[in-house]
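# Residue-level structural notes
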Amino acid sequence: MQRSIILKVQAEAQDRNVPLASILSRARIAARRLALPGVPAWLDKEVDGYAPDDDLPAYRLVPGHHEFANPQLGWRPLVHEDGPPALPLRHSVYDLEELLHNSPAGFLTTPGRPVRMIAYGSTLDFHTRYRIRNIDVLRALASVRRLVLDWTIALESAGVLGDGTAFTPSERTEAYLVTQNFIAQNQSIGVAGNVSGGTNTIAPVQSADDGIDIRRVREFLAETSGLVGNLPAALRDDMRDAVAEAQAEAGKPAPDARKVGKALAVIKDLGMRAGGSVIATGIVEGVKTLAP
């Protein structure tokens, strides 16, 4: 068995000597091999940078200390009544780490708009800049590192480890539910992807206490298994794995309703992600009829 990529990411996230950009790249591989919505999009933004119209996580808003260029005294502070304004950090993690590495002065700077002031008996325009302390950028990067660590710990606790970068259908099902819960508890990393035609947060369709009509579930799974080939190619393997996982549990003499419910939740989500075709819609509606 190869070393688990989940444990590898977890170990690196705890090692301050490993660049965060490297950790995120490996975490992105794991998230995509697990076919997880939500987390890969967040990792992509951290690795590649945030677009101007992207909503930023709270940890990427840092204090900006405003200064103006006095021709006689150099850079002097501009005092804001409400304190330093919050500045967005849209750079990629790699760029931020490089900027910090090349900033021995202990701060980064970004240009500000000119200000007009009365000085020396005249109205003059002065260049301005914002000074961002290195420690505030480091805190933002530490927040990302902590989120990655917490996510991998949650996956490990659920038994999602993988063989190298390969995961079983059962692990992918568990990883989906773990990640949905993780996103719900950490709103700063955004919603679980943009799902066409439905909600982004899919809860298990079955609780452990309510029971489920296994006969109907088996019939539904048998029918769905024959329709997988008509779904978009990018989702076929994921759907086959999810259906096989549900069939394996539903076929037992005493099926675990919780496991069946979680597998059905994944099938429903995949059907929603497949778009509005008749078959995809039928799969989604079929799962809904099985929910108590």
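All of these numbers come straight from a predicted model, not from anything done at the bench.

Thresholds, definitions, all that
- Residues numbered from 1 in each chain as written.
- Predicted model: local features only at pLDDT ≥ 70, side-chain atom pairs only at ≥ 80, totals over all residues.
- Heavy atoms only, no water.
- Helix = DSSP H or I, 4+ residues; strand = E, 2+ residues; numbered from the N terminus.
- Buried < 20%, exposed > 50% of the residue type's maximum accessible area, 1.4 Å probe, protein only.
- Areas by Shrake-Rupley, 256 points an atom, 1.4 Å probe, with all protein chains shown as cover.
- Salt bridge = Lys/Arg side-chain N within 4 Å of Asp/Glu carboxyl O.
- Arc of directions from axis to C-beta.
- Contact = heavy atoms within 4.5 Å.
- Polar contact = N/O pair within 3.5 Å; in protein donor to acceptor, adjacent residues only side chain to side chain.
- Pairing = 2+ DSSP bridges.
- pLDDT = per-residue confidence, 0-100.
- Axes fitted to C-alpha atoms, helices over the stretch in contact; angles between N-to-C directions.
- Parallel < 35°, antiparallel > 145°, perpendicular 65-115°, else oblique.
- Left-handed = near helix turned anticlockwise from the far one by under 90°.
- Nonpolar A, V, L, I, M, F, W, Y, C, P; charged D, E, K, R; others polar.
- Expected span 1.5 Å × (residues − 1).

### Looking at the overall build of the chain
Within the chain, the regular secondary structure consists of 10 helices and six strands. When burial is assessed residue by residue, the chain has 45% of its 292 residues classed as buried. Carbon and sulfur atoms provide 51% of the accessible area of the chain, an area that totals close to 15,200 Å².

### Some thoughts on the environment of alanine 35
When you line up the elements, alanine 35 lands in the loop between helix H2 (20–33) and helix H3 (39–48). Along the chain, alanine 35 and threonine 173 lie 138 residues apart, while their C-alpha atoms are 9.7 Å from each other.

### Some remarks on the pattern of salt bridges
Under the defined criterion, the tally for this structure stands at 19 salt bridges. Residues arginine 172 and aspartate 238 are paired through a salt bridge, measuring 2.1 Å at the closest nitrogen-oxygen approach. Residue arginine 172 is found in helix H6 (residues 169–185), and its partner aspartate 238 is found in helix H8 (residues 233–250); the two are separated by 66 residues along the sequence. Grouping residues by exposure puts arginine 172 and aspartate 238 together as buried. Glutamate 285 serves as the salt-bridge partner of lysine 288, at 3.3 Å between the closest nitrogen and oxygen.

### Some details on helix H1 (residues 5–13)
For H1, the set of buried residues is Ile5, Ile6, Val9, Gln10, Glu12 and Ala13. Viewed end-on, H1 has its buried residues packed into an arc of 165°, placing them on one side of the element. Elements that come into contact with the buried residues of H1 comprise H2 and helix H5 (134–157). A distance of 3.2 Å separates the backbone nitrogen of isoleucine 6 from a side-chain oxygen at the start of H1, and that oxygen is part of serine 4.

### Looking at the pairing of strand S2 (residues 65–70)
Direction of pairing for S2 relative to strand S6 (residues 122–133): antiparallel, over a ladder of four bridges. Looking at the pairing, glutamate 67 lines up with arginine 129 of S6. The pairing of S2 with strand S3 (residues 74–77) spans four bridges and is antiparallel. Counted as the bridge partner of asparagine 70 is glycine 74 from S3. Linking two consecutive strands that pair antiparallel, namely S2 and S3, is a turn of three residues.

### Here we look at the confidence of the model for the chain
Low-pLDDT portions of the prediction should not be read for the details of their coordinates. Looking at the chain, pLDDT values average 80 and 88% of them are 70 or higher. This model gives residues 191–210 a pLDDT under 50, and the stretch forms 45 contacts once residues within four places in sequence are excluded.

### So, the packing of helix H9 (residues 257–273) against helix H10 (residues 278–290)
Relative orientation of the contacting elements H9 and H10 amounts to 150°, with a least axis distance of 8 Å. Classified by the interaxial angle, the pair formed by H9 and H10 is roughly antiparallel. Considering only the axes of H9 and H10, their crossing is left-handed. On H10, the residues that touch Leu264, Ile267, Lys268, Gly271 and Met272 of H9 are Ala280, Ile283, Val284, Val287, Lys288 and Leu290. Residue composition of the contact of H9 with H10, by class: eight nonpolar, one polar and two charged.

### Description of the packing of H1 against H5
Two elements in contact, H1 and H5, have axes separated by 9 Å at closest approach and are oriented at 145°. For the element pair H1 and H5, the recorded crossing hand is left-handed. Across the interface between the two elements, Ile6, Leu7, Val9, Gln10, Glu12 and Ala13 of H1 pack against Arg145, Val148, Leu149, Thr152, Ile153, Leu155 and Glu156 of H5. A class-by-class count of the residues in the contact of H1 with H5 yields eight nonpolar, two polar and three charged.

### Details of the environment of glycine 64
Examined against the element boundaries, glycine 64 turns out to sit in the loop between strand S1 (61–63) and S2. As a C-alpha pair, glycine 64 and glycine 83 span 19 residues in sequence and 9.3 Å in three-dimensional space. In contact with glycine 64, other than residues within four places in its own chain, are Pro84, Pro85, Leu87, Tyr130 and Arg131.

### Observations regarding helix H7 (residues 214–225)
Between the first and last C-alpha of H7 there are 16 Å, a value that for 12 residues agrees with the 16 Å anticipated at 1.5 Å per step. Taken as a whole, H7 has its buried residues at Ile214, Val217, Phe220, Leu221 and Thr224. All buried residues of H7 fall inside an arc of 120° around its axis, so they share one side. Seen from the buried face of H7, the exposed residues on the opposite side, beyond 90 degrees, are Arg215 and Glu223. The inward-facing, buried residues of H7 abut H8, H9 and H10. N-capping of H7 is provided by aspartate 213, with a side-chain oxygen placed 3.2 Å from the backbone N of arginine 215.

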